[in-house]
Amino acid sequence: MVIIAMENIIDKIKFDGNGLVPAVVQDEATKEVLMTAYMNAESLSMTLQTGKATFFSRSRGKLWVKGETSGNFLNVCEIRVDCDCDCLLVLAKPTGPACHTGNRTCFYRKIDGDALVEDNAFRGDALMKEFGIIADRRSNPEEGSYTNYLFEKGEDKILKKVGEEAAEVVIAGKNRSKDEIKYETADLLYHLAVMLADNDMSWDDIFDEISKR
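Residues numbered from 1 in each chain as written. Predicted model: local features only at pLDDT ≥ 70, side-chain atom pairs only at ≥ 80, totals over all residues. Heavy atoms only, no water.

Asks: Quick one: what's the story with the overall build of the protein, residue by residue and with numbers?
Replies: When helices and strands are tallied, the protein shows seven helices and eight strands. Taken along its principal axes, the extent of the C-alpha atoms in the protein is 65 × 45 × 40 Å. Within the span of the protein, comprising 213 residues, buried residues form 32% of the whole. Considering only residue pairs separated by 6 or more positions, the protein has 46% of its internal contacts joining residues 24 or more positions apart. Carbon and sulfur atoms form 52% of the exposed surface of the protein, whose accessible area is close to 13,100 Å². (Helix = DSSP H or I, 4+ residues; strand = E, 2+ residues; numbered from the N terminus. Buried < 20%, exposed > 50% of the residue type's maximum accessible area, 1.4 Å probe, protein only. Contact = heavy atoms within 4.5 Å. Areas by Shrake-Rupley, 256 points an atom, 1.4 Å probe, with all protein chains shown as cover.)

Asks: An account of the layout of surface pockets is requested, with residue identities and associated values reported.
Replies: Within this model, the largest pocket holds a volume of roughly 580 Å³. The wall of the largest pocket is formed by 27 residues, among which G71, N72, T95, F131 and A135 lie closest to the centre. Those elements giving two or more residues to the lining of the largest pocket turn out to be β6 (88-94), α3 (125-139) and α7 (203-211). In terms of residue count, the dominant contributor to the lining of the largest pocket is α3 (eight residues). Residue classes in the lining of the largest pocket are distributed as eight nonpolar, 10 polar and nine charged. When its volume is computed, the second largest pocket comes out at roughly 430 Å³. (1 Å grid on protein atoms, 1.4 Å probe; cavity = no way out; pocket = protein on both sides within 12 Å on 5 of 7 lines; lining within 4 Å. Points joined across faces, edges and corners; volume = space filled by probe spheres on them. Nonpolar A, V, L, I, M, F, W, Y, C, P; charged D, E, K, R; others polar.)

Asks: Before we move on, could you go through the packing of helix α4 (residues 146-153) against helix α5 (residues 155-175) and cite the residues and values that matter?
Replies: A pair of packed helices is characterised by two quantities: the angle between their axes and the separation of those axes. At a minimum axis separation of 5 Å, α4 and α5 run at an interaxial angle of 120°. In terms of axis orientation, α4 runs oblique to α5. Contact residues: α4 offers Y146, Y149, L150, F151 and K153, while α5 offers E155, K157, I158 and K161. When its residues are assigned to classes, the contact of α4 with α5 shows five nonpolar, no polar and four charged. (Axes fitted to C-alpha atoms, helices over the stretch in contact; angles between N-to-C directions. Parallel < 35°, antiparallel > 145°, perpendicular 65-115°, else oblique.)

Asks: How would you sum up the nonpolar core? Please name residues and give values.
Replies: The biggest cluster of nonpolar side chains holds 18 residues, and the ones touching the most others in it are V25, M35, M39, F55, L74 and L88. Per element, the largest residue contribution to this core is four residues, and it comes from strand β2 (residues 33-39). With residues near it in sequence (within four places) discarded, L88 still touches I13, V21, P22, A23, V24, M39, L44, I79, R80 and V81. Listed in part, the 12 residues of the second largest apolar core include I158, A193, V194 and W203. (Core = buried A, V, L, I, M, F, W, Y, C linked by side-chain atoms within 4.5 Å.)

Asks: Let's hear about the pattern of salt bridges: which residues, and what values?
Replies: This model, assessed by the stated rule, comprises 10 salt bridges. Note that E142 and R137 form a salt bridge whose closest N and O atoms lie 3.6 Å from each other. Its salt-bridge partner being E165, residue K161 comes within 3.7 Å of it at the nearest N-O pair. Of this pair, K161 and E165 both sit in helix α5, four residues apart, roughly one helical turn. The class of K161 is buried, set by a relative accessible area of 16%. For E165, a relative accessible area of 8% gives the class buried. (Salt bridge = Lys/Arg side-chain N within 4 Å of Asp/Glu carboxyl O.)

Here it is, written out as C-alpha cells:
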C-alpha cells in the first residue's frame, strides 16, 4: 500500500471553481446514503485529522462540524475518492439522525407523481426521531416530562419499566391482538430507548450488532 502525505492527498482532489468538492455520506454499517454536503481543502483536512465529518457551508460561508450543535456527529471510518477525483464518498458511523429534520437520512422522501411522499422504507426513522427527543430531554430537562421523570428516578426505575413493558408485549402476543401488540411494542421500544440513552448508547449500537449477525 502506498502512503501519501496529507497535503499530497488534498492536492489530488479536483475542487471546483469555488474550491469545493461534493461529499456523499454513507452509513458504514448499513450502506444507507445519509446526506450530501460540500468540503473544501480545509474541511477535508480537518475531517482527516479529527475523524469528525466537517463540511463547508455555502449559505453561511464557513466550516461546520456535523453535530457540533445537535450532538449528531458523523464519525468517519473511511473516505473514498471517485475515478475523476471530483467527488468524495464518506463512510461514517452516525451518533444520531443525519438530517436536521430528525430523520435518519436526508433522503426520506420519494417522488410520487407530482408530490413528495415519505418512503415507508425509512419508517425506522421514527425510532431515531424518538431517540433524539429522549437524548435531548436527558441533556435539557423539561418540567413535567415523563422521560425526565425516568432519568431522575434512575437505573432501577428504568429497568423495571423495561421489564414491565416486555411482559405486556408477551401478554399481547398471547392474546393475538394486533392492536394490543402494536401499542405495547411501541411502549417497550420507547423504554428500551431510555435505557440505551441512560447507558450512553443509541439504536446505532444495536443496528451495528444486528449487521454483524
